[in-house]
Amino acid sequence: MATVDTILAGKYPAKSHARRVAELLQAHYGHDAPGVIYLEAQKTRLIEDNDEPMPFRQRRFFYYLSGCSLPDSYVIYDIRADKLTLFIPPIDAEDVIWSGLPLSADEALKLYDVDSVSTTTEVNAALVSIGSAYSGKCVAFAIADQVSSDTTFQSYAETNLSVLKGAIETARVVKDGYEIALLKKANDISAKAHIAAIKAAKTATNEREIEAAFIATCIANGAREQSYHPIVACGVNGATLHYGKNDDDLIDPVTNQKKQNVLIDAGGEYRAYCSDITRVFPVGGRFTTETRQIYEIVLQMQTECIAMLKRDVQWEDVHAHAHRVAIKGLLALGILIGSEDELFAKRVSVAFFPHGLGHYLGMDTHDTGGNPNYGDKDSMFKYLRVRGRLPAGSVITVEPGIYFCRFIIDPYTRSPDLGKYIDTNVLERYWSVGGVRIEDNIQITTDGYENLTTAPKAIEEVESLAL
């Protein structure tokens, strides 16, 4: 079996992606009329009131059909001719002085999975040539607000700006082997970074030192960019789902004691593909009794939900099962009161697990194709980022959590209808836990799943790293 590095030594499969998108476009039109797919890379932009360029992030739609990370580039796919052409910026003599020689057309042809490479000065001529070759009966597919003002489709019967984006989003849900290898690489690097972060906490005095250890390890191992801004939340900060300050001290200023634990939600990005991993570890080397109890429940939630995964599983059913496990665990601790079925029907567990179980993962952290329904009146399902059945080849995060956030829980305890289901005396012991979330990245297969995440999560492993 080929290793990840062996697979990634080959070219990013842009041509097969173009064919997949073309099939979806033709299915939409109901015939195989000639057409071209036209996409533009992200433009170089300067920081406002400054002559420095803004941090660059390639447009994912362009990358999917090119594998090219160069700014100011273009790609055209002639569907009927099955020809993929990349257009890269020409040499700018003045820019060479500052930045060195750019990639040449010959070098790009060897590097990318395209049929030919030209310079961006030839884009319009190429478009006119293709449109004229089909006697003006050709359809140009592009994305609204991602077409330069000087681009012309005058030789085309129609310019469609409405369907290409959706077609690429649909195609991106199912990953091929190369994409899975990219996601594995991102996960492997991020696992090293999570281990480094846990070890850094032994001597760290502030959340930012832990964040720095994570990012430094990613960069050192080839993931220069982060999939998203890391979350490093100690103590009660872990109850904030998207905590982002990462600048709190690990010592409680009132008690002068170390805070119980740190929740770190972070993932490196490798060649435009993301990882998204959450771990919780003790600051003092051992989990407190209360944190360990909650950690065991969350780990059980994740273990049972992952075991349910396979092609065509209904994601809402998996999410609902996570709530069932949470209810059973919180009942055993005495935090919840009542029958499991009644607590589930009343949606009381949403007070402790308010977010969705996961989301698709790929070139974006919250990847395309999830079809969420944020207008859902059911509080248990409102924030699900994925709805429906999971196809084989998709990659999804499984990230259950239990949180002790007063802003969320207090309305439940004050409610005449719901307050009776929560024992506030028992609950008092758990506020300092903050929150526990455990997140892995899972590939859906025909008969089951493959966990792409290798970062330690067993309690014994985590504690041994933290000691």
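Cut-off values and rules
- Residues numbered from 1 in each chain as written.
- Predicted model: local features only at pLDDT ≥ 70, side-chain atom pairs only at ≥ 80, totals over all residues.
- Heavy atoms only, no water.
- Pairing = 2+ DSSP bridges.
- Helix = DSSP H or I, 4+ residues; strand = E, 2+ residues; numbered from the N terminus.
- Salt bridge = Lys/Arg side-chain N within 4 Å of Asp/Glu carboxyl O.
- Buried < 20%, exposed > 50% of the residue type's maximum accessible area, 1.4 Å probe, protein only.
- Core = buried A, V, L, I, M, F, W, Y, C linked by side-chain atoms within 4.5 Å.
- Contact = heavy atoms within 4.5 Å.
- 1 Å grid on protein atoms, 1.4 Å probe; cavity = no way out; pocket = protein on both sides within 12 Å on 5 of 7 lines; lining within 4 Å.
- Points joined across faces, edges and corners; volume = space filled by probe spheres on them.
- Nonpolar A, V, L, I, M, F, W, Y, C, P; charged D, E, K, R; others polar.
- Axes fitted to C-alpha atoms, helices over the stretch in contact; angles between N-to-C directions.
- Parallel < 35°, antiparallel > 145°, perpendicular 65-115°, else oblique.
- Left-handed = near helix turned anticlockwise from the far one by under 90°.

A. The arrangement of the sheet that holds strand E10 (residues 268-270) in detail. Judged by pairing direction, the sheet is antiparallel, and its three strands sit side by side in the order E7-E10-E11 without closing on themselves. Of all the strands in the sheet, the pair left with one neighbour each is strand E7 (225-226) and strand E11 (273-274).

B. Spotlight on the pattern of salt bridges. Overall, the coordinates contain 27 salt bridges when judged by the stated rule. Here Asp115 and Lys15 are joined by a salt bridge, their closest N and O atoms 2.8 Å apart. Of the two residues, Asp115 is situated in the loop between helix H5 (105-111) and strand E4 (116-119) and Lys15 in helix H2 (residues 14-29); the sequence distance between them amounts to 100 residues. Residue class for Lys15 comes out buried when judged on its relative accessible area of 11%. Ionic pairing is found between Glu269 and Arg60, a salt bridge with its closest N-O pair at 3.2 Å. Of this pair, Glu269 sits in strand E10 while Arg60 sits in helix H3 (residues 60-64), and the two are 209 residues apart along the sequence. The pair formed by Glu269 and Arg60 is uniform in burial state, with each residue classed as buried. A network of salt bridges, in which partner residues are shared, links Arg57, Arg172, Lys175, Asp364 and Asp367.

C. The arrangement of unusual backbone geometry in detail. Positive phi outside glycine occurs at Asn246, with the angle close to 50 degrees. Secondary-structure assignment places Asn246 in the loop between strand E8 (231-234) and strand E9 (261-266). Look at Asn246 and you get buried, because its relative accessible area is 2%. The backbone of Ala272 sits at a positive phi, close to 80 degrees, despite the residue not being glycine. The topology assignment puts Ala272 in the loop between E10 and E11. A relative accessible area of 8% places Ala272 in the buried class.

D. Main features of the nonpolar core. Core analysis: the largest hydrophobic core is formed by 129 residues, its most contacted members being Val21, Leu39, Ile210, Trp315, Phe352, Ile402 and Phe404. At 10 residues, the largest contribution of residues to this core is made by helix H8 (residues 177-200). Apart from residues no more than four positions distant in its own chain, Ile402 is found in contact with Ile294, Ile297, Val298, Met301, Ala326, Leu330, Phe352, Gly435 and Val436. Among the nonpolar cores identified, the runner-up in size contains 14 residues, and Tyr38, Tyr74, Ala140 and Ala142 belong to it.

E. Here's a closer look at helix H7 (residues 164-173). Buried residues of H7: Leu164, Ala167, Ile168, Ala171, Arg172 and Val173, and no others. The inward-facing, buried residues of H7 contact H2, strand E1 (35-40), H3, strand E5 (139-141) and strand E13 (395-398).

F. Quick peek at the side chain of Ser190. Along the chain, the position of Ser190 falls in helix H8. Taking the relative accessible area as the measure of exposure, Ser190 reaches 0% and is therefore buried. Residues contacting Ser190, with those up to four places away along its chain left out, are Phe214, Gly267, Gly268, Ser275 and Ile277.

G. The arrangement of the layout of surface pockets in detail. In this structure, the largest pocket spans a volume of roughly 790 Å³. The wall of the largest pocket is formed by 24 residues, among which Ser69, Glu225, Glu269, Arg271 and Ala272 lie closest to the centre. Those elements that place two or more of their residues in the lining of the largest pocket are H3, E7 and E10. Considering only residue class, the lining of the largest pocket consists of 11 nonpolar, six polar and seven charged.

H. How the structure looks around the pairing of E13. In E13, alternate side chains face the same way, and those of Val395 and Thr397 on one face and Ile396 and Val398 on the other are all buried. In the sheet, E13 pairs with strand E16 (residues 440-444) via four bridges, with the strands oriented antiparallel. What sits directly across from Val398, in E16, is Asp440.

I. Quick look at the sheet that holds strand E12 (residues 277-282). Strand order in the open sheet made by the three strands is E8-E9-E12, with antiparallel pairing throughout. The strands lining the two open edges of the sheet, one partner per strand, are E8 and E12. Across this sheet, the average inter-strand angle for adjacent strands is 10 degrees, counted without regard to direction. When E9 meets E12, the two strands line up antiparallel, connected through six bridges. Pairing of Leu263 across the sheet is with Val280, part of E12.

J. Here's a closer look at the packing of H2 against H7. Where H2 meets H7, the closest approach of the two axes is 9 Å, and the angle between their N-to-C directions is 125 degrees. Of the possible angle classes, the one that applies to H2 and H7 is oblique. For the pair H2 and H7, the sense of crossing is right-handed. Judged by residue contacts, Arg20, Val21, Leu24 and Leu25 of H2 engage Leu164, Ala167, Ile168, Thr170 and Ala171 from H7. Looking at side-chain class alone, the contact of H2 with H7 contains seven nonpolar, one polar and one charged residues.

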